[in-house]
Amino acid sequence: MSDTITVTDNRTGKTYELPITDGTVRAAEFRQIKTSADDFGLMVYDPAFKNTASCRSAITLIDGEKGILRYRGYPIEQLAEKSTFLEVAYLLLNGELPTKEEHDDWVNEVTHHTYIHEFLTRAMEGFKYDAHPMAMMVSFLGALSTFYKEAKNVRDAAVRREHIIKIIAKMPTLAAWCYRHATGRPYIYPDNSLSYTGNFLNMLFRMAEPKYEPHPVLERTLDVLFILHADHEQNCSANAARAVGSAETDPYCSLAAAAAALYGPLHGGANEAVLRMLRRIGSVKNIPDFIKGCKAGEHRLMGFGHRVYKNYDPRARVIKGLAHQVFTFTGRNPLLDIALELEKIALNDEYFVKRKLYPNVDFYSGLIYQSMGFPVEMFPVLFAIPRAAGWLSQWQEMLTDKEQRIARPRQIYTGSDVRDYVEMADRGKGSAS
Ligand code: CMC
């Protein structure tokens, strides 16, 4: 038995043998299938990349049928239990868990790049008080590019490393300051004696106290949420980071593109949409009507469904457990009852069962964020901070992959055939002639 597929072109009667590698046929192989010498050759058509591998990647594995997620081979459940976000970021970027020395150096480097240029605070003032913090984050990621002109040397490994550290270090500062801007509070500068998430909480919530002491439960909860959100292989925003980065755009602008993709309600904006949905439903008694609307195609059950998972999203399972822990500290979020009942009904309803729609990462995360005191507009930003580690890992892997070129899909042209320009006076007369 050979690892090939035999294709017969019924237009010509010709047969072709195409190699299969890693369960995949190279799309370029189809180009040899032609009806004549001047035929362009067959292409594959795959809107939204539903069945197309765009890269080889060693970073993250998802088995959507079994509900498995691993970073560099390590199960997400083990990382969520035992690791920290900064260790996971190192793992994603470098392929291995750090030794003690590597870990300490890495944490030290990230901790010492958390400040942002003062000019950015002035840019911050240019935004209206009610600007969406995620749109601000997108802008600031791009704006950082103007401070680090050398970052465009993306083929230089040392330059890449320097800016990867800067971005991971500055994401919490930018995010916290967007929040402080929206709430009209003064910006709080980083405290290098605190952990990554401890310092983030400090920059978000510190008021007049001389030294902010993050609550260990909230600090660890946020760290676990950051681990769970750190990467998710070729999702919409990682694909944006790779596609834009493939033009050799610097990492700041490449990540601005990724953050813009994450902002959408079908992607990282879903956590915000879930909270708004739960508020709109308002009470358990309104759930049957809401479900009826989902099935009629009037709206979606936000936080449900996934392109890859056709089983329970393993991140949702960890987050659901985490929610119960956090609520013993913050008090039970009253929207939890609506979420639990929605999940119960949906998991037993034929519409959702048939389509294999299960809760995803965004279904319960918003409830935790809300109980921790975050306004809903901050939810996608909380997703973006850790995902920067994933975007940078994907971006770097793309740049060092010798097979990759500028991302440039083909199309099936469906427009007009060639026609002559029509003078304005002759337009709208039915016939163009
Ligand atoms: N509620 C109701 N119906 C749904 C939902 C949903 N949440 N998701 C999918 N469907 C239906 C959809 O209408 C379609 O039905 P039919 O075959 O009758 O037309 C079928 O299920 C397949 O859906 P699809 O839109 O073709 O699937 P997709 O792989 O293109 O979309 C998705 C995946 C995540 C965009 C989609 O499930 C969705 O919109 N979910 C709600 C938004 C959400 O929670 N997004 C977060 C995703 S996980 C975190 C992240 O990526 O950032």
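### Some thoughts on the overall build of the protein chain
Assigned secondary structure in the protein chain consists of 17 helices and five strands. Expected size for 433 residues packed as a compact globule is a radius of gyration near 22 Å; at 24 Å, the protein chain falls within 12% of this value. Relative to its full complement of 433 residues, the protein chain shows a buried share of 48%. Residue pairs at least 24 apart in sequence account for 70% of intrachain contacts in the protein chain once pairs closer than 6 positions are excluded. Carbon and sulfur atoms make up 53% of the accessible area of the protein chain, which amounts to about 21900 Å² in all. In the protein chain, the 52 positive side-chain charges and the 52 negative ones have mean positions that sit 4 Å from each other.

### Topic: the nonpolar core
Ile168, Met277, Leu278, Leu301, Leu342 and Trp391 are the most contacted members of the largest nonpolar core, which totals 119 residues. Both domains that meet at this core, namely domain 1 (75-269 + 379-400) and domain 2 (270-371), each give it at least three residues. In contact with Leu278, other than residues within four places in its own chain, are Leu335, Ile338, Ala339, Leu342 and Leu367.

### Things to note about the side chain of Arg387
One can find Arg387 in helix 17 (residues 379-399). For the buried Arg387, no salt bridge is present, and the opposite-charge side chain at shortest range is Asp231, 4.9 Å distant. Here His229 takes part through its backbone oxygen, which lies 2.8 Å from a polar atom of the side chain of Arg387.

### A few points about the packing of helix 8 (residues 216-229) against helix 13 (residues 314-330)
Two elements in contact, helix 8 and helix 13, have axes whose closest approach is 11 Å; the angle formed by their N-to-C orientations is 165°. Comparing the axis directions of helix 8 and helix 13 gives the class roughly antiparallel. Like other packed secondary-structure pairs, helix 8 and helix 13 cross with a definite hand, here left-handed. For the pair helix 8 and helix 13, contact is made by Val217, Leu218, Thr221, Val224, Leu225, Leu228 and His229 and by Arg315, Val318, Ile319, Leu322, Val326, Phe329 and Thr330, respectively. A per-class count over the contact of helix 8 with helix 13 returns 10 nonpolar, three polar and one charged.

### Side note on the domain arrangement of the protein chain
With domains assigned, the protein chain is organised as domain 1 (75-269 + 379-400) and domain 2 (270-371). Between domain 1 and domain 2, the C-alpha centre-to-centre distance is 27 Å. Contact residues are listed per partner, giving 24 residues for domain 1 and 23 residues for domain 2. Of all residues in domain 1, Leu228, His232 and Phe379 bury the most surface against domain 2, accounting for 31% of the area lost on that side. Our enumeration of links across domain 1 and domain 2 arrives at 10 residue pairs in polar contact (both at pLDDT 80 or more).

### A closer look at helix 16 (residues 362-371)
Among the 10 residues in helix 16, nine count as buried, and that is most of the element. Where helix 16 is concerned, the buried positions are Asp362, Phe363, Tyr364, Ser365, Gly366, Leu367, Ile368, Tyr369 and Ser371.

### Here's the deal with the environment of Gly331
Tracing the backbone through its elements, the reader meets Gly331 in the loop between helix 13 and helix 14 (335-348). When sequence neighbours within four positions are dropped, the list of residues in contact with Gly331 reads Val326 and Ser371.

### Some thoughts on the state of the cysteines
One way to say it: the disulfide is the covalent bond shared by the sulfur atoms of two cysteines. Per the counting criterion, the structure on display carries zero disulfides. Sulfur of Cys55: no disulfide; nearest cysteine sulfur belongs to Cys236 and is 14 Å away. Lacking any disulfide linkage, Cys178 is separated from the closest cysteine sulfur, that of Cys253, by 16 Å. Overall, the relative accessible area of 0% leaves Cys178 in the buried class.

### Describing the sheet that holds strand 3 (residues 60-63)
The three strands lie next to each other as 3-4-5, forming an open sheet whose pairing is antiparallel. Looking at strand neighbours, the two that pair on one side only are strand 3 and strand 5 (74-75), the edges of this open sheet. The sheet contact formed by strand 4 (residues 68-71) and strand 5 spans two bridges and is antiparallel. Bridge pairing in strand 5 places Arg70 opposite Pro75.

### Remarks on the packing of helix 9 (residues 236-245) against helix 10 (residues 251-263)
Between helix 9 and helix 10, whose axes approach to 8 Å, the crossing angle comes to 150°. On the basis of the axis angle, helix 9 is roughly antiparallel to helix 10. Classified by chirality, the crossing of helix 10 by helix 9 is right-handed. Counted together, Cys236, Ser237, Ala240, Ala241, Val244 and Gly245 of helix 9 and Cys253, Ser254, Ala257, Ala258, Ala261 and Leu262 of helix 10 form the full contact between these two elements. Its residues assigned to classes, the contact of helix 9 with helix 10 comprises nine nonpolar, three polar and no charged.

### Observations regarding the environment of Asp104
Topologically, Asp104 is positioned in helix 3 (residues 100-111). For the pair Asp104 and Glu87, spaced 17 residues apart in sequence, the C-alpha separation works out to 9.7 Å.

Conventions adopted
- Residues numbered from 1 in each chain as written.
- Predicted model: local features only at pLDDT ≥ 70, side-chain atom pairs only at ≥ 80, totals over all residues.
- Heavy atoms only, no water.
- Helix = DSSP H or I, 4+ residues; strand = E, 2+ residues; numbered from the N terminus.
- Rg over C-alpha atoms; globule rule 2.2 N^0.38 Å.
- Buried < 20%, exposed > 50% of the residue type's maximum accessible area, 1.4 Å probe, protein only.
- Contact = heavy atoms within 4.5 Å.
- Areas by Shrake-Rupley, 256 points an atom, 1.4 Å probe, with all protein chains shown as cover.
- Lys, Arg positive; Asp, Glu negative; His and termini not counted.
- Charge placed at Lys NZ, Arg CZ, Asp CG, Glu CD.
- Core = buried A, V, L, I, M, F, W, Y, C linked by side-chain atoms within 4.5 Å.
- Domains from an automatic or database assignment.
- Salt bridge = Lys/Arg side-chain N within 4 Å of Asp/Glu carboxyl O.
- Polar contact = N/O pair within 3.5 Å; in protein donor to acceptor, adjacent residues only side chain to side chain.
- Axes fitted to C-alpha atoms, helices over the stretch in contact; angles between N-to-C directions.
- Parallel < 35°, antiparallel > 145°, perpendicular 65-115°, else oblique.
- Left-handed = near helix turned anticlockwise from the far one by under 90°.
- Nonpolar A, V, L, I, M, F, W, Y, C, P; charged D, E, K, R; others polar.
- Buried area = accessible area lost by both parts, 1.4 Å probe.
- Disulfide = S-S within 2.5 Å.
- Pairing = 2+ DSSP bridges.

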